[in-house]
Amino acid sequence: MTAKRRKKKTPFSYIYIAFVLGVSMLLSAWIIMSVNELLALARPDYEVIVEIPEGASHGDVAKILKKSDVIDHKMLFAMFASVTKRGATYPPGEYKINSNMDYRAMLRRLTSKKGALNTVKVTVPEGYEVSQIAELLAEKGVCDRDAFEDAVANTDFNYAFLEDLPLGKSNRLEGYLFPDTYEFYKNDDPSRVIKKFLDNFNVKFNDEMKERTRELGMSLHELVTFASIVEREATAKDRENISSVFHNRLKNKTYPYLESCATIQYVLGKRKAVISIADTKIDNKYNTYKYKGLPPGPISNPGLDAIEASLYPNDTDYLFFALQEDGTHKFSKTYEEHLKTPKLNP
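Sequence order as written defines residue numbering, which begins from 1 separately in each chain. Owing to the predicted nature of the model, reporting of local features is limited to residues with pLDDT of at least 70; listing and counting of side-chain atom pairs is limited to 80 or more, with chain, interface and lining totals taken over all residues. Excluding hydrogens and water, the side-chain figures rest on all heavy atoms present in the structure.

Engineer: Would you mind going over the packing of aromatic side chains with me for this structure?
Structural biologist: Aromatic rings in a pair are described by how distant their centres are and how their planes are angled relative to each other. Pairing of aromatic rings covers Phe, Tyr and the six-membered ring of Trp, with a centre-to-centre limit of 6.5 Å; geometry is then stacked below 30 degrees between planes, edge-to-face above 60, and tilted otherwise. Considering all chains together, one arrives at 17 aromatic pairs under this definition. Centre to centre, the rings of Phe 161 and Tyr 176 are 5.5 Å apart; their planes meet at 20 degrees, and the pair counts as stacked. Placement of Phe 161 in the loop between helix 6 (145-154) and strand 4 (181-185) and of Tyr 176 in the loop between helix 6 and strand 4 is noted, with a sequence separation of 15 residues between them. The class for Tyr 176 is buried, based on a relative accessible area of 0%. Members of the aromatic cluster, each reached through a chain of ring pairs, are Tyr 159, Phe 161, Tyr 176, Phe 201 and Phe 205. For a ring to carry a charge above it, either NZ of a lysine or CZ of an arginine must fall within 6 Å of the ring centroid while also lying within 35 degrees of the normal to the ring plane. Lying across the ring of Phe 320, Arg 249 places its NZ or CZ 4.8 Å from the centre. Helix and strand assignments come from DSSP, with helices taken as H or I runs of at least 4 residues and strands as E runs of at least 2, each series counted from the N terminus. Relative accessibility under 20% of the residue-type maximum defines a buried residue, over 50% an exposed one, and the middle range a partly exposed one, all with a 1.4 Å probe and only protein chains included.

Printed below as a string of structure tokens:
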């Protein structure tokens, strides 16, 4: 008997084999990818805050997570959630999610009523210094005081108005932590907290203000420094007059010193009801009794009213003002007139 002749493989057979191998490879790659995605293997480590609306479905949550860049494949997440959390609901709220959390951990947090972040409202008064803001935030449980001050000094925030401010100084962001009422997360990251302040400043100090600053021949940093002094010296009734005195001083060759008691208090690091003659002689660049013009930087964080008064002072010839016992100020055009005015400070 003769052996049966082997059939030759047709081109179709090779195509079929190649197809099977290709599908197998793609399937293997998809399985590896899916496992990596499910277990969050090799993902970078960072945190985001996601907001889950009322009545969100698995698909809605998958889209939110994808947009926040904590997952890569929203369909895979939705499928996994549908299988493992069938019938589960997502309590509305804001959640802190880490990119290296696996799907199960994410779902555990997002479907837990205790997973949503606790928030607290904090009102930062106009004229507060960075150190006072740090203490207030610590009292409210927003973030650690030392961690906040370290972030102020050493975190490089990407804003044009901060470009020329070198890292390393504890008062580096003085003037730019805009006073307002905020809603913060408790035990939050200090850098994210600071960014809220800076975002607010970036919005409030608008293009019209920037143009007016240029008209005055000042840099933005000089204007904020100026406004911080007005904030600490003035009352609601006399901001524009106080501003006019300092603007006039900056242009006056006879009286080029601002002589602001508030700058002395900043040097001393405490509030004194009455500044002494000795205090005015302290050798410090922030001492505007000893050094001409503006100090190196802001002495507080001014509010919108102080900034606007600094941009649009009253048109006066005042060169002097004196604090009275009732909290008001008396204004004078000449030194002789100023000498006759009762005053609390030198």
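Engineer: Help me understand the nonpolar core, please; the structure alone is not making it clear to me.
Structural biologist: Soluble globular proteins tend to bury their nonpolar side chains together. We define a nonpolar core as any set of buried Ala, Val, Leu, Ile, Met, Phe, Trp, Tyr and Cys residues linked to one another through side-chain atoms lying within 4.5 Å. With 53 residues, the main nonpolar core has Leu 137, Phe 148 and Leu 198 as its most contacted residues. A per-element tally of this core places helix 9 (residues 220-233) first, with seven residues. Working rule for contacts: check all heavy atoms of both residues, and any pair within 4.5 Å makes them a contact. If sequence neighbours within four positions are ignored, Leu 137 has contacts with Val 122, Val 142, Cys 143, Phe 148, Phe 184, Val 193 and Phe 197. One finds Ile 52, Leu 65, Ile 97 and Leu 110 within the second-largest nonpolar core, a separate group that totals 24 residues.

Engineer: Is there a simple way to explain unusual backbone geometry in this structure?
Structural biologist: Residues other than glycine predominantly adopt negative phi, and peptide bonds predominantly adopt the trans conformation. With a phi angle near 55 degrees, Asn 187 is a residue other than glycine that sits in the positive phi range. Relative to the assigned elements, Asn 187 resides in the loop between strand 4 and helix 7 (190-204). Positioned with a positive phi, Glu 259 is a non-glycine residue whose angle comes to about 50 degrees. Locating Glu 259 in the fold gives a position in the loop between helix 10 (239-251) and helix 11 (261-268). Residue classification places Glu 259 among the partly exposed positions, given a relative accessible area of 34%.

Engineer: Can you help me understand the packing of helix 6 against helix 7 in this one?
Structural biologist: For any two helices packed against each other, the geometry comes down to the angle between their axes and how far apart the axes lie. In the contact formed by helix 6 and helix 7, the axes pass within 9 Å of each other and the chain directions differ by 60 degrees. Comparing the axis directions of helix 6 and helix 7 gives the class oblique. As for the relative orientation of helix 6 and helix 7, their crossing is right-handed in sense. Counting all contacts with helix 6, which are made through Ala 147, Phe 148, Ala 151 and Val 152, the residues of helix 7 involved are Pro 190, Ser 191, Val 193 and Ile 194. Among the residues making up the contact of helix 6 with helix 7, the classes are represented as seven nonpolar, one polar and no charged. Simply put, an axis is a line fit to the C-alpha atoms, just over the touching stretch for a helix, and the angle between two N-to-C directions goes from 0 to 180 degrees. Any angle that falls under 35 degrees is termed roughly parallel, while one over 145 is termed roughly antiparallel, one within 65 to 115 roughly perpendicular, and all others oblique. By the definition used in this description, the sense in which the near helix is turned from the far one sets the handedness, with an anticlockwise turn below a right angle giving left-handed and a clockwise turn giving right-handed. We call Asp, Glu, Lys and Arg charged. Ala, Val, Leu, Ile, Met, Phe, Trp, Tyr, Cys and Pro are nonpolar, and the rest, Gly among them, are polar.

Engineer: Teacher, can you tell me more about the pairing of strand 1 (residues 47-52) here?
Structural biologist: Within a regular strand, the side chains alternate between the two sheet faces. Of the two faces of strand 1, only one is covered, namely that formed by Val 48, Val 50 and Ile 52; the face formed by Glu 47, Ile 49 and Glu 51 stays uncovered. Any two strands between which DSSP finds at least two bridges are classified as paired. Relative to strand 2 (residues 93-98), strand 1 runs antiparallel, the two sharing six bridges. Looking at the pairing, Val 50 lines up with Tyr 95 of strand 2.

Engineer: Sorry, what's going on with the packing of helix 9 against helix 10 here?
Structural biologist: At a minimum axis distance of 10 Å, the contact between helix 9 and helix 10 shows a crossing angle of 135 degrees. Between helix 9 and helix 10, the angle is such that the two are oblique. Considering how the two elements wind past one another, helix 9 and helix 10 form a crossing that is right-handed. Contacts between helix 9 and helix 10 pair Phe 226, Ile 229, Val 230 and Glu 233 from the former with Arg 239, Ile 242, Ser 243, Phe 246, His 247 and Leu 250 from the latter. Class assignment of the residues belonging to the contact of helix 9 with helix 10 gives a composition of six nonpolar, two polar and two charged.

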